[in-house]
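# Coordinate analysis (summary)
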Amino acid sequence: MQIQCHRFQERCSEALLDENLQKALAGIKATLASRRNEAFAALADAEELRERAHRIKCATFSSLDEHLQRLEREVTQQGGRVHWAETAGEAREIIENLALRNKVRTVVKGKSMTSEEIGLNEGLAGRGLDVFETDLGEFIIQLAGEPPSHIVGPAIHKTKEQVSRLFSEKLNVERLDDPREMTMLARRVLRRRFLDADMGITGANFAVADTGGIVLFENEGNIRLTTSLPRIHVALMGIEKVIPGLDDLHVMMQLLARSCTGQKLPTYVSMIHGP
């Protein structure tokens, strides 16, 4: 994926004058910050938890090679396989070759910023595979042919009216005004893709070295379908996601959702160990 920045100043000026964009973004910053502050205020020991998380990450990084080797042993023992990549190109090639060797034709994906950063969708499509985003926000921007605008809300820059028009044009349906109806339409379209997919690709919020498990946070349930229905599941993650054990996960779980969405916990927490 090539990031275009040569028109940055020009595009900034255009964005500031875009009424639809300003309407979509109005109040988002304040809302997210308010929810986050309220969620942390409800914790009696918020600062201590943050300090514990900091110490966990520092200790993990000081012995990162040991934790990664332990993670690989545990994953392998449970029937999985760990692939190592030093570059974006290597990561794409590993996943593309895995798909081709296993005669994969259709891929469904949970939201993964790492896959965006390495241009995975473009690489898979270039090999002739059909790739479908299943997170609602990612589904919307894939239909629009745009990159995500926010790590938590990929389509946060879209208004309800723009999404309605997009669904009508791309999915060949009548214009819908109710967000719930639009969500149910996306659900019906995606359910067929889950059932037809040969490979599911997700990220990983954490990988627990002691257990060989990956941990995934979500609010929509699409990640559970992505990891469970296709015959192959690929979890794409940076090495910084590893933590030593479940006690460390307990600390991190109390902080992550609060920081991202202002929730105590997301709707779904999946801990996956082996096929």
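See the structure above.
Numbering of residues starts from 1 in each chain and follows the order in which that chain's sequence is written. Local features in this predicted model are restricted to residues of pLDDT 70 or higher, and side-chain atom pairs are both shown and tallied only at a pLDDT of 80 or more, whereas totals for entire chains, interfaces and linings draw on every residue. To obtain the side-chain values, all non-hydrogen atoms of the structure were included, while hydrogens and water were left out.

### Thoughts on the overall build of the protein
Quick reminder of the rule: To qualify as a helix, a DSSP run of H or I must reach at least 4 residues; to qualify as a strand, a run of E must reach at least 2; elements of each kind are numbered from the N terminus. The globule rule used for comparison is 2.2 Å times the number of residues to the exponent 0.38, while the radius of gyration itself is calculated over C-alpha atoms. Partly exposed describes any residue whose relative accessible area lies between the buried limit of under 20% and the exposed limit of over 50%, with all areas from a 1.4 Å probe on protein chains only and scaled to the type maximum. Working rule for contacts: check all heavy atoms of both residues, and any pair within 4.5 Å makes them a contact. Computed with the Shrake-Rupley method and a 1.4 Å probe, the accessible areas treat only the protein chains shown as cover for residues. We count Lys and Arg on the positive side and Asp and Glu on the negative side, and we leave His and both chain ends out. Working definition for charges: the position is that of NZ of Lys, CZ of Arg, CG of Asp or CD of Glu.
For the protein, the helix and strand inventory stands at 13 helices and eight strands. On C-alpha atoms alone, the protein measures out to a radius of gyration of 20 Å, which is about the 19 Å that the 2.2 N^0.38 rule sets for 275 residues. Of all 275 residues assigned to the protein, the portion counted as buried reaches 40%. Residue pairs at least 24 apart in sequence account for 70% of intrachain contacts in the protein once pairs closer than 6 positions are excluded. Of the roughly 15,600 Å² of accessible surface on the protein, a fraction of 51% belongs to carbon and sulfur atoms. Separation between the mean location of the 36 positive side-chain charges and that of the 39 negative ones in the protein comes to 4 Å.

### Some thoughts on the sheet that holds strand β2 (residues 130-133)
Formally: Each pair of strands is called paired provided DSSP finds at least two bridges between the two strands. In this analysis an axis means a line fitted to C-alpha atoms, helices contributing only their contacting stretch, and an angle means the value between N-to-C directions, from 0 to 180 degrees.
The parallel open sheet is built from four strands, whose spatial order is β2-β1-β3-β6. Each having just a single partner strand, β2 and β6 (232-235) make up the two edges of the open sheet. Within the sheet, the average angular offset between the axes of one strand and its neighbour, ignoring direction, is 20°. Most of the contacts of helix α6 (residues 88-101) go to strand β3 (residues 199-202), to which it runs at about 160°, and overall it touches β3 and β6.

### Details of the sheet that holds strand β8 (residues 268-272)
Reading across the sheet, the four strands line up as β7-β4-β5-β8 and stay open at both edges, with mixed pairing between neighbours. Strands at the two margins of the open sheet, each flanked by one partner only, are β7 (242-243) and β8. Looking at chain direction, strand β4 (residues 206-208) and β7 are connected through two bridges and run parallel. Paired with valine 208 across the strands is isoleucine 243, a residue of β7. Sitting on the sheet, helix α13 (residues 246-261) is in contact with β4, β5 (213-218), β7 and β8, with an inclination near 170° to β4.

### Concerning α6
For clarity, the cut-off: One fewer than the residue count of a helix, multiplied by 1.5 Å, yields its expected span. Regarding the arc, it is the one traced by the directions from the helix axis to the C-beta atoms.
Along its 14 residues, α6 runs 20 Å from first to last C-alpha, staying within 8% of the 20 Å computed at 1.5 Å per residue. Those residues of α6 that fall on the buried side of the exposure criterion are Ala91, Ile95, Glu96, Leu98 and Ala99. Taken down its axis, α6 places every buried residue within 160° of arc, on the same side. Packed against the buried residues of α6 are α8 (120-126), β3 and β6. Of the residues trailing α6, lysine 103 is marked for its positive phi of about 55°.

### Some thoughts on the side chain of glutamate 133
Just so we agree on the cut-off: Think of a polar contact as two N or O atoms within 3.5 Å of one another; within protein, one of them needs to be a possible hydrogen donor and the other a possible acceptor, and neighboring residues in sequence only count if both atoms come from side chains.
Checked against the element boundaries, glutamate 133 lands in strand β2. Within the structure, glutamate 133 has its side chain in polar contact with the side chain of asparagine 121 (distance 2.9 Å).

### Some details on helix α11 (residues 179-196)
Between its first and last C-alpha, α11 extends 26 Å over 18 residues, near the 26 Å set by a 1.5 Å rise per residue. Tucked inside the fold, the buried residues of α11 contact β1 (106-109), β2, α9 (136-144), α10 (160-171) and α12 (222-228).

### A closer look at the nonpolar core
Keep this limit in mind: Here, nonpolar core means buried Ala, Val, Leu, Ile, Met, Phe, Trp, Tyr and Cys residues that are tied together by side-chain atoms lying within 4.5 Å of each other.
Ranked by size, the top nonpolar core spans 17 residues in total, and within it Phe139, Ile140, Leu143, Phe167 and Leu171 carry the most contacts. Elements that contribute at least two residues to this core include exactly α9, α10 and α11. What leucine 143 contacts, discounting residues up to four positions off in sequence, is Leu166, Phe167, Lys170 and Leu171.

### Here we look at the packing of aromatic side chains
What counts is decided by this rule: Side-chain rings of Phe, Tyr and Trp (the six-membered ring for Trp) are treated as a pair once their centres are within 6.5 Å; stacked means planes under 30 degrees apart, edge-to-face means over 60, and tilted covers the remaining angles.
Taken as a whole and assessed by the stated rule, the structure comprises two aromatic pairs. Note on phenylalanine 206 and phenylalanine 217: the rings are 6.2 Å apart at their centroids and 70° apart in plane angle, and the pair reads as edge-to-face. Here phenylalanine 206 is found in strand β4, whereas its partner phenylalanine 217 is found in strand β5, with eleven residues between them in sequence. You can call phenylalanine 206 buried: its relative accessible area is 8%. Accessibility expressed as a relative area gives 13% for phenylalanine 217, which makes it buried.

### Focus on unusual backbone geometry
With a phi angle near 55°, lysine 103 is a residue other than glycine that sits in the positive phi range. A relative accessible area of 66% means that lysine 103 is categorised as exposed. Despite not being glycine, asparagine 172 has its phi angle at roughly 55°, a positive value. Its location among the elements puts asparagine 172 in the loop between α10 and α11. Using a relative accessible area of 70% as the deciding quantity, one classes asparagine 172 as exposed.

### A word on the pairing of β2
Taking every second residue as pointing to the same face, the buried face of β2 carries Val131 and Glu133, while none of Asp130 and Phe132 on the other face is buried. As paired elements, β1 and β2 share four bridges and run parallel to each other. When the bridges of β2 are listed, valine 107 appears paired with valine 131.

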